[in-house]
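One letter stands for each residue in the lines below.
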Amino acid sequence: MKIKDTFESISENQLVDLENQLGKPLPNDYKSFLLKNNGGRPEPNFFRTLSGDYETDIQFFYGITKGIYSIQDNLFQLKSRLPKGKVAIANDSGGNYILLDINTNQIFFFDHEIEEVFFVSESFTDFVNSLFNVDQGESELDRAIESQNIEFFKSILSSGTDINNITNEFDQSAFIAICLRGKLKLARFFVENGVSIGGGLFASSSNGHVNLVEYLLQKGANPNERDATQNNDTALIQASMGGYLKVVKQLISKGADINATDDHGQTALNKSYWSDNQELIDYLEKEVY
């Protein structure tokens, strides 16, 4: 990792002062980083949360300094918003924060709009080693979906574009792309702004996105939703083929037809044999027989 735009070098005493302010010692790898760089813009600078909910960047690592990129200033300003024991050490381009847990030394991502934390890495070293550069072939819309950048889509809507007409370079609905990737926060934004949810349940079920499936069912998605382009499979058949037991149970609990067939006469049970999930197979066999 390379760092540019760093702040002035700091001393060991300044680190001790920061630790006294925190009431806890900082992990050695993070202290070494501050002594060497004291904040700055990293390259590469992209990372993912462990769950895959977010793929975003590090705009700036904070340092022992003054101003918007100050560890101390952000410690004071965010005290009432951040979970206890977590300190902001960087921000992304969307105004969200990268957090260091001073009790466990783990790294987390904090979405400032919903004020929730997402696990990233076991240590600062692991975090730095996981940074990567983005695929330059990805479109701006793809990047916005991966990072769940709501401001990007707000700007599109402000221009008068109908939310149902936002598509990617393959003429695929942005909402379907969002559901395929399991981006729950962004899906909520689209639903709240009037998107037609048709197809979303099938897409999210196909990839086992449990939380998104639950949300769409709550919003009235048809549990027997089909996709004519994929053998007329139902969402349940797709989830069964993928081995997603939790999704299968969700769909059945909301009325999904376990005996529905695709264009080739295959049921959810038939397709479950394609998966490696014996627990799922046993569950469906019990439900059918």
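Each value, and the rule that gives it
- Residues numbered from 1 in each chain as written.
- Predicted model: local features only at pLDDT ≥ 70, side-chain atom pairs only at ≥ 80, totals over all residues.
- Heavy atoms only, no water.
- Buried < 20%, exposed > 50% of the residue type's maximum accessible area, 1.4 Å probe, protein only.
- Helix = DSSP H or I, 4+ residues; strand = E, 2+ residues; numbered from the N terminus.
- Arc of directions from axis to C-beta.
- Contact = heavy atoms within 4.5 Å.
- Pairing = 2+ DSSP bridges.
- Polar contact = N/O pair within 3.5 Å; in protein donor to acceptor, adjacent residues only side chain to side chain.
- Salt bridge = Lys/Arg side-chain N within 4 Å of Asp/Glu carboxyl O.
- UniProt positions renumbered as here; feature names shortened; annotations may be inferred.
- Phe/Tyr/Trp six-rings, centres within 6.5 Å; stacked < 30°, edge-to-face > 60°.
- Axes fitted to C-alpha atoms, helices over the stretch in contact; angles between N-to-C directions.
- Parallel < 35°, antiparallel > 145°, perpendicular 65-115°, else oblique.
- Nonpolar A, V, L, I, M, F, W, Y, C, P; charged D, E, K, R; others polar.

Caption draft 1: Spatial organisation of helix α14 (residues 278–288). Taken together, the buried positions of α14 are occupied by Leu280, Ile281, Tyr283 and Leu284. Burial along α14 is one-sided: seen end-on, the buried residues are contained in an arc of 160°. What points out from α14, more than 90 degrees from its buried face, is the exposed set Glu279 and Lys286. Where α14 is buried, its residues touch α11 (235–242), α12 (245–253) and α13 (268–272).

Caption draft 2: Structural view of unusual backbone geometry. Put simply, Glu43 and Pro44 share a cis peptide bond, and its omega is 0°. For Pro44, the position within the fold is in the loop between β2 (41–43) and β3 (46–48). Phi at Glu115 takes a positive value of approximately 55°, unusual for a residue other than glycine. Residue position: Glu115 is located in the loop between β8 (107–111) and β9 (116–121). When its relative accessible area of 40% is taken as the criterion, Glu115 is described as partly exposed. Positive phi, normally seen in glycine, also occurs at Asp171, with a value near 60°. Along the chain, Asp171 turns up in the loop between α6 (150–158) and α7 (174–181).

Caption draft 3: Seen up close, the sheet that holds strand β6 (residues 86–91). The five strands are arranged β5-β6-β7-β8-β9 in an open sheet whose pairing can be described as antiparallel. The two strands at the open ends of the sheet, each matched to only one other strand, are β5 (60–61) and β9.

Caption draft 4: Structural detail: the side chain of Ser275. In this fold, Ser275 is placed in the loop between α13 and α14. The exposure class assigned to Ser275 is buried, which follows from its relative accessible area of 9%. Within the structure, the side chain of Ser275 is placed 2.7 Å from the backbone oxygen of Ser272, a separation counted as a polar contact. At 3.3 Å, the side chain of Ser275 and the backbone nitrogen of Asn277 are in polar contact. The contacts of Ser275, once residues within four sequence positions are left out, are Ser240, Met241, Gly242, Gly243, Leu280 and Ile281.

Caption draft 5: Fine view of the pattern of salt bridges. Scanning the model with the defined rule gives 14 salt bridges in all. Residue Glu113 pairs with Lys185 through a salt bridge whose shortest N-O separation is 2.9 Å. One end of the pair, Glu113, is in the loop between β8 and β9; the other, Lys185, is in helix α8 (residues 184–192), and 72 residues separate them in sequence. Judged by its relative accessible area of 34%, Glu113 is partly exposed. Note on Lys185: relative accessible area 7%, which makes it buried. Note that Lys271 is salt-bridged to Asp262, the shortest N-O span being 3.1 Å. Using a relative accessible area of 3% as the deciding quantity, one classes Lys271 as buried. Taken together, the shared-partner salt bridges in this structure form one network comprising Asp142, Glu146, Arg181 and Lys183.

Caption draft 6: Broad picture of the UniProt feature "repeat: ANK" (unreviewed entry) in the protein. Mapped onto the present numbering, the UniProt feature "repeat: ANK" (unreviewed entry) falls on residues 136–168, 201–228 and 231–263. With 54% helix and 7% strand, the stretch residues 201–228 has end C-alpha atoms that lie 14 Å from each other. As annotated, residues 231–263 comprises 52% helix and 6% strand, and the C-alpha atoms at either end are separated by 5 Å.

Caption draft 7: Fine view of the packing of aromatic side chains. For the structure on display, the rule yields 20 aromatic pairs. Each ring, one from Phe153 and one from Phe190, has its centre 5.2 Å from the other, and the planes form 75°; the classification is edge-to-face. In this pair, Phe153 is assigned in helix α6 and Phe190 in helix α8, connecting sequence segments 37 residues apart. Across the pair, Phe190 and Phe153 agree in class, each one buried.

Caption draft 8: Molecular detail of the packing of helix α10 (residues 210–218) against α12. Between α10 and α12, the shortest axis-to-axis distance is 9 Å and the interhelical angle comes to 10°. Here α10 is positioned roughly parallel relative to α12, judged by the angle of their axes. For the pair formed by α10 and α12, the contact residues are Val210, Val213, Glu214 and Leu217 on the first element and Lys246, Val247, Gln250 and Leu251 on the second. Within the contact of α10 with α12, the residues separate by chemical class into five nonpolar, one polar and two charged.

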